[in-house]
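Each chain, letter by letter, is given below.
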Amino acid sequence: MKNKKAQLHMTETIAVIFIFFILVVFGMIFYAQYQKVAFKEKQEEILSTRAVQTTLRALYLSELICSQGEAEPEDNCIDLIKAEAVQAIFQKYLSNYYFHLFGYGRLTLHEVYPQEKELVLYEKRRVENLANESTFMMVSLRDDRLSVGTEPSYAYGYLLVEVYS
Amino acid sequence: MLFPVPEKKGQMEMIGLVIIVILISLGMLFMAQFALKEEPLKKVFARQGLATSALSTLMKTTVQETGCLSETSAQINLRLDRHLLKDCAQYSAEAPQGFSQYHCQGKHSCQFLEELVGKLLAQTLGTWGKQYEFHSTLQLSGGSSRELFSINPGLCEKKERDSSKPYLFPTDAGMVSSELFICS
């Protein structure tokens, strides 16, 4: 009788341990899945932060920003004359300067009004791009060639910044 | 001792109960971590930065349309804020059919502005899948105000939104306040 009770107790203990380990395995699977998602999210976050940093660098780059002598540069404004000339400079000093600023990515200037046109300012691609993050920022496109009197002409456009991982 | 004595059995069950409570608490903490996660930096930057830059860009834009200036008047670069919005504020009481100094495409400046601003925002924010709301209001002396024009009124009212902050422009008729909201 005492033997049977002990056997029953053993079976009960084994069942409890078995269920406990099943729960532990489930927990581990859940945690592994979570880690996988968290890792992907972290990668996306890093890419997003890089997109934001690249956008800000491009917006305040003295090679592009609207300036007038020693006056304060204009926010959210890109000088079209500078932008048209800067492609060649970006290309010339790509590896020893601009790549460190923008990394793998593409900067495109789009004019929406009065005309619709686009201008690729910078482009550096990897052989195989894993992911891509885009940020839009509205900018005025100043063109001093169309000035009337002292009033410059401002077109309505945006800067598209794409960064590649 | 090979078998636990009955008094210890109760204690062991209590320990089991405590372990279950600890496990449930850990699970809830884990879930709370997901629920209270901060809004990503990119999302906040994108909405706030976009609203501010969109409004300042819009206001600075030079309008190039036919019929804005009469043939006899001096040729100037017509700015959306300095010329057209000012004109709209000054002659808003006569909109949409009455007099205004500038008649781009043969329309009153308020009507023309409503169409142009609506088109430009639709071509940019609209195509990027953003929801937005725009208001331009004239603050009259005496505390009252008059809406000059608006785009998608009420769309962002009950949603999580970011504002461009009011763009204020003084005119002879009063202060013109323009604001853009982006929600998504």
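Above: the structure in question.
Residues numbered from 1 in each chain as written. Chains lettered and ligands numbered in written order. Predicted model: local features only at pLDDT ≥ 70, side-chain atom pairs only at ≥ 80, totals over all residues. Heavy atoms only, no water.

Concerning the overall build of chain B
Here is step 1: For chain B, the count of helices and strands is 4 helices and 7 strands.
Here is step 2: Along its sequence from the N terminus, chain B presents helices and strands in the succession α-α-β-β-α-α-β-β-β-β-β.
Here is step 3: When the 184 residues of chain B are sorted by exposure, 39% land in the buried category.
Here is step 4: A sequence separation of at least 24 residues applies to 56% of the contacts in chain B between residues at least 6 apart.
Here is step 5: A total of about 10500 Å² of accessible surface is found on chain B, and carbon and sulfur atoms cover 60% of it. (Helix = DSSP H or I, 4+ residues; strand = E, 2+ residues; numbered from the N terminus. Buried < 20%, exposed > 50% of the residue type's maximum accessible area, 1.4 Å probe, protein only. Contact = heavy atoms within 4.5 Å. Areas by Shrake-Rupley, 256 points an atom, 1.4 Å probe, with all protein chains shown as cover.)

Considering the state of the cysteines
Note on terminology: disulfide describes a covalent bond linking the sulfur atoms of two cysteines.
Here is step 1: Following the criterion strictly, the structure yields 4 disulfides over all chains and no others.
Here is step 2: Here A:C66 is linked by a disulfide to A:C77, with a sulfur-sulfur distance of 2.0 Å. Between A:C66 and A:C77, the S-S torsion sits near -70°, and that sign places the bridge as left-handed. Here A:C66 is found in the loop between helix 1 (2–59) and strand 1 (77–79), whereas its partner A:C77 is found in strand 1, with 11 residues between them in sequence. As far as burial versus exposure is concerned, A:C66 and A:C77 are alike and both buried.
Here is step 3: Disulfide pairing is shown between B:C68 and B:C104; the S-S distance is 1.9 Å. Between B:C68 and B:C104, the S-S torsion sits near 125°, and that sign places the bridge as right-handed. With B:C68 in the loop between strand 1 (62–63) and strand 2 (78–79) and B:C104 in the loop between helix 3 (80–90) and helix 4 (109–126), the pair connects residues that are 36 residues apart, well separated along the chain. A single burial state applies to B:C68 and to B:C104, both of which are buried. (Disulfide = S-S within 2.5 Å.)

Some points on the packing of helix 2 (residues 80–92) of chain A against helix 3 (residues 94–102) of chain A
Residues and elements named next belong to chain A.
Here is step 1: Where helix 2 meets helix 3, the closest approach of the two axes is 6 Å, and the angle between their N-to-C directions is 105°. Taken together, helix 2 and helix 3 sit at an angle that is classed as roughly perpendicular. Together, I89, F90, Q91 and K92 of helix 2 and L94, Y98 and F102 of helix 3 make up the contact between the two elements. (Axes fitted to C-alpha atoms, helices over the stretch in contact; angles between N-to-C directions. Parallel < 35°, antiparallel > 145°, perpendicular 65-115°, else oblique.)

Concerning the packing of helix 3 of chain B against helix 4 of chain B
All names here are of chain B.
Here is step 1: Viewed as axis vectors pointing N to C, helix 3 and helix 4 meet at an angle of 130°, and their least axial separation amounts to 7 Å. Viewed along their axes, helix 3 and helix 4 adopt a mutual orientation that is oblique. Contact with helix 3, carried on its side by L80, L84, L85, D87 and C88, involves S109, C110, F112, L113 and L116 of helix 4 and no other residues of that element.
Here is step 2: Looking at the contact of helix 3 with helix 4 residue by residue, the class counts come to 8 nonpolar, 1 polar and 1 charged. (Nonpolar A, V, L, I, M, F, W, Y, C, P; charged D, E, K, R; others polar.)

As for unusual backbone geometry
For residues besides glycine, phi is generally negative; the peptide bonds are generally trans as well.
Here is step 1: In this chain, A:Y113 is followed by A:P114 through a cis amide linkage whose omega measures 10°.
Here is step 2: Within the fold, A:P114 resides in the loop between strand 2 (105–113) and strand 3 (117–124).
Here is step 3: Even without being a glycine, B:Q105 presents a positive backbone phi close to 55°.
Here is step 4: Here B:Q105 lies in the loop between helix 3 and helix 4.
Here is step 5: A residue is classified by how much of its surface remains accessible, and B:Q105, at 40% relative accessible area, is partly exposed.

Quick look at helix 3 of chain A
All names here are of chain A.
Here is step 1: By the burial criterion, the buried members of helix 3 are L94, Y98, L101 and F102. The buried residues of helix 3 occupy one face: seen down the axis, they fall within an arc of 105°. Residues S95, N96 and H100 are exposed on helix 3 and point more than 90 degrees away from its buried face.
Here is step 2: Positive backbone phi, at 65°, marks G103, one or two positions downstream of helix 3. (Arc of directions from axis to C-beta.)

A closer look at the pairing of strand 3 of chain A
All names here are of chain A.
Here is step 1: As paired elements, strand 2 and strand 3 share 7 bridges and run antiparallel to each other. Across the sheet, L109 pairs through a bridge with L119, a residue of strand 3.
Here is step 2: Between strand 2 and strand 3, which pair antiparallel one after the other, the connecting turn spans 3 residues. (Pairing = 2+ DSSP bridges.)

Thoughts on the nonpolar core
Here is step 1: Ranked by internal contacts, the top residues of the largest apolar core, which has 41 residues, are B:V63, B:L121 and B:F134.
Here is step 2: Taken together, the elements giving at least two residues each to this core come down to strand 2 and strand 5 (151–164) of chain A together with helix 2 (41–60), helix 3, helix 4, strand 3 (131–139), strand 4 (145–151) and strand 7 (174–183) of chain B.
Here is step 3: Sort the elements by how many residues they give to this core and helix 4 of chain B lands first, with 8 residues.
Here is step 4: Once residues within four sequence positions are removed from consideration, B:V63 is found in contact with A:Y113, B:C68, B:L78, B:L80, B:L84, B:C104, B:F112 and B:L116.
Here is step 5: By size, the runner-up hydrophobic cluster in this structure holds 27 residues, among which are A:L47, A:L61, A:M137 and A:V139. (Core = buried A, V, L, I, M, F, W, Y, C linked by side-chain atoms within 4.5 Å.)

Some thoughts on the environment of B:L140
All names here are of chain B.
Here is step 1: As for its placement among the helices and strands, L140 is situated in the loop between strand 3 and strand 4.
Here is step 2: Classification of L140 by relative accessible area gives partly exposed; the value is 24%.
Here is step 3: In sequence terms L140 and G174 are 34 residues apart; their C-alpha atoms lie 5.2 Å from each other.
Here is step 4: Dropping the residues within four chain positions of it, L140 is found in contact with S145, R146 and A173.

Purely geometric numbers; function is a separate question.
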